[in-house]
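As a plain string of letters, each chain reads:
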Amino acid sequence: MSPEDRPRLLGDALDRTLAETMAGVARRTSAGRVADYIPELAGADPDAFGVTLASVLGRTYGAGDASTEFTIQSVSKPFVYAFACDELGADVVHRHVGVEPSGEPFNAISLDGRGRPENPFINAGAIVTTSLVPAPDAGERFARIRDALSRFAGRELDVDEDVHRSEATTGHRNRALAGLALAAGTLGTDDVDAATDPYFRQCSLRVTTRDLALMAATLANHGVHPLTRERVVGERTARDTLSVMATCGMYDRSGAWAFRVGLPAKSGVGGGIVAVRPGDFGIGVFAPPLDEAGNSVRGVAMLEDLSATFGLHMFDHAAVPVSPVAEVAVDAEASTVTVHLRGELDFVAAEQLVHDTGRVLEHTGATTVRFDFDDVTAVAGITAQVLRETTAAARQAGLSVEYLRAAPGLLD
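Note that the structure is a prediction, hence the values are computed from the model and not measured.

**Q** Would you mind showing me how to read the packing of aromatic side chains here?
**A** By convention here, two paired aromatic rings are described through the distance between centres and the angle between planes. Under the definition given, this model contains six aromatic pairs. Relative to F286, the ring of F70 lies with its centre 4.1 Å away and its plane at 0°, an arrangement referred to as stacked. Taken together, the residues span a long stretch of sequence, with F70 in strand 3 (residues 70-71) and F286 in strand 7 (residues 281-286) at a distance of 216 residues. Ring centres of F371 and Y403 lie 5.6 Å apart, and the angle between their planes is 45°; this geometry places the pair in the tilted category.

**Q** Sorry if this is basic, but what is going on with the sheet that holds strand 7 here?
**A** In any sheet, the strands associate via hydrogen bonds between backbone groups, in a parallel or an antiparallel arrangement. Across the sheet, five strands lie side by side as 2-1-7-6-5; this open sheet has antiparallel pairing. Sheet topology places strand 2 (60-64) and strand 5 (265-267) at the edges, where each strand pairs with a single neighbour. With direction set aside, neighbouring strand axes in the sheet form an average angle of 10°. Pairing analysis gives three bridges linking strand 5 to strand 6 (residues 272-277), with the strands arranged antiparallel. Along strand 6, the bridge assignment pairs A265 with A275.

**Q** I tried to follow a nonpolar patch on the surface on my own but got confused; where do I start?
**A** Taken together, I109, L111 and L180 make up a surface patch of nonpolar side chains, about 240 Å² in accessible area. You can see I109 is positioned in the loop between helix 3 (90-93) and helix 4 (123-132). Classification of I109 by relative accessible area gives exposed; the value is 52%.

**Q** Can you help me understand the sheet that holds strand 10 (residues 368-379) in this one?
**A** The strand order across the open sheet formed by four strands is 8-9-10-11, and the pairing between neighbours is mixed. Strands at the two margins of the open sheet, each flanked by one partner only, are strand 8 (325-331) and strand 11 (400-404). The sheet shows a mean angle of 20° between the axes of neighbouring strands, taken without regard to direction. Sheet strands touched by helix 13 (residues 347-364): strand 8, strand 9 (336-345) and strand 10. Its angle to strand 9, the strand with the most contacts, is close to 165°.

**Q** What is the right way to look at empty space enclosed by the protein in this model?
**A** Picture a little ball the size of a water molecule; that probe, rolled over the atoms, points out where space is still empty. Counted by the stated rule, this structure contains one cavity of 30 Å³ or more. By volume, the largest cavity is sized at about 40 Å³. Lining the largest cavity we find P101, S102, G103, N119, I122, C248, Y251 and S254. Partitioning the lining of the largest cavity into residue classes produces four nonpolar, four polar and no charged.

About the thresholds
- Going along each chain's sequence as written, the residues are numbered from 1 onward.
- Given that the model is predicted, a residue must reach a pLDDT of at least 70 before its local features are reported, and side-chain atom pairs must reach 80 or more before they are shown or counted; all residues, however, enter totals for whole chains, interfaces and linings.
- Hydrogens and water are ignored here; the side-chain numbers use all heavy atoms of the structure.
- Only Phe, Tyr and Trp rings take part, Trp by its six-membered ring, and two of them pair if their centres are within 6.5 Å. Stacked means planes under 30 degrees apart, edge-to-face means over 60, and tilted covers everything else.
- Working definition: helices are DSSP H or I runs of at least four residues, strands are E runs of at least two. Numbering for both runs from the N terminus.
- Strand pairing requires that DSSP identify at least two bridges connecting the strands.
- Here the axes come from fitting lines to C-alpha atoms, over the contacting stretch only for helices, and the angles between their N-to-C directions go from 0 to 180 degrees.
- Candidates for patches are residues over 30% relative accessible area with no salt bridge; among them, like charges are joined within 9 Å and nonpolar side chains (Val, Leu, Ile, Met, Phe, Trp, Tyr) within 5 Å.
- For the accessible areas, the method is Shrake-Rupley and the probe is 1.4 Å, while residue cover comes only from the protein chains on display.
- One speaks of a salt bridge when a side-chain nitrogen belonging to Lys or Arg is within 4 Å of a carboxyl oxygen belonging to Asp or Glu.
- Note on exposure labels: buried denotes an accessible area under 20% of the residue type's maximum, exposed denotes more than 50%, and partly exposed covers the range between, all computed with a 1.4 Å probe on protein chains only.
- Note on definitions: a residue-residue contact is assigned when non-hydrogen atoms from the two residues lie within 4.5 Å.
- In this analysis a 1.4 Å probe is tested at points of a 1 Å grid over the protein atoms alone, and where it fits but cannot get out there is a cavity; an open set with protein on both sides within 12 Å along at least five of seven lines is a pocket; lining residues have an atom within 4 Å of a point.
- Grid points are joined across faces, edges and corners, and a volume is the space filled by probe spheres set on the points.
- The nonpolar class holds Ala, Val, Leu, Ile, Met, Phe, Trp, Tyr, Cys and Pro. Asp, Glu, Lys and Arg form the charged class, and all remaining residues, Gly among them, are polar.

As far as function goes, none of this settles anything; it's purely spatial.
The following block contains the structure:
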């Protein structure tokens, strides 16, 4: 097998895995109802079903109707929230909208004691978040939002004008929610239409599951798009967005979702769901029939199966931590021990490193220890602190500690 064939072999295997999981879900799920409160959505194909997985390395894998376009609807909300936080700062955004799960339907009137919508993913909160995007008018506000979501997707997204007209014609409740926020002093503009029209338009952007997977992978990749390599939002913003997705992304089913699937996610009434495995990949799923909460029935089942089968839950972890020590070289004549390190050094790695090195020094009687960081990919902040404190204590005890090829400032 040639080297260029190996990635495709992996891709074929993942494509088949996704297709087999989809087939199992399709066989056992038939419930759900296509959204019809927005008339233009009522014509969606109830049998459409697609999925794409995009890694933080920029590779995509998919099955089913992965290239079918549909409107993003509420899946837009976390990305607009991230954009607003990056523009204004999270503290400013959260003067207007909270981060608590509402426990209520997505279109509920849900304001906290300060007059803020409970979170940015219910309709009231999303309208407020959209209204906060700095712009002189509604048209420019949407243009900026469209540009931001296009950068998340890695391509220019366009509006389904028929869906937009349908949403605008029937969106009286959303206008009422904007009016309540305006009365409470939390809307970012004094014009309800300047908040709701960009919101209707952002929900009407056309996407595929590949777009959603790459948008999710951008959050998984600390805000950097895995293909374009553009930093779309800051690392802290990406983390904060995933936090809210983990607790509020699936409306009043967010608790059950966290229990069964355990991935930050966001659903939309167009049948889309986006889910994120931080540091690894994003997933986009599309299947129009919805449950009572407004989440895709087959999309939820698909992600439940993937999480259970492949251990994707955020609280799953390796049964035995991988050792951070690749090799230990002892030079008895020089009374020196060289410890070659590898991978990501997190807290458990630091704990293993300190204790294992201590045992080696005890058995060899060496007085000098060298830590070689050449194969280390990342050092967590707590790990750096543990190493600094341990190094200081070792030197006070008369040991010599050296760091080879360590990142600048590690011991500062």
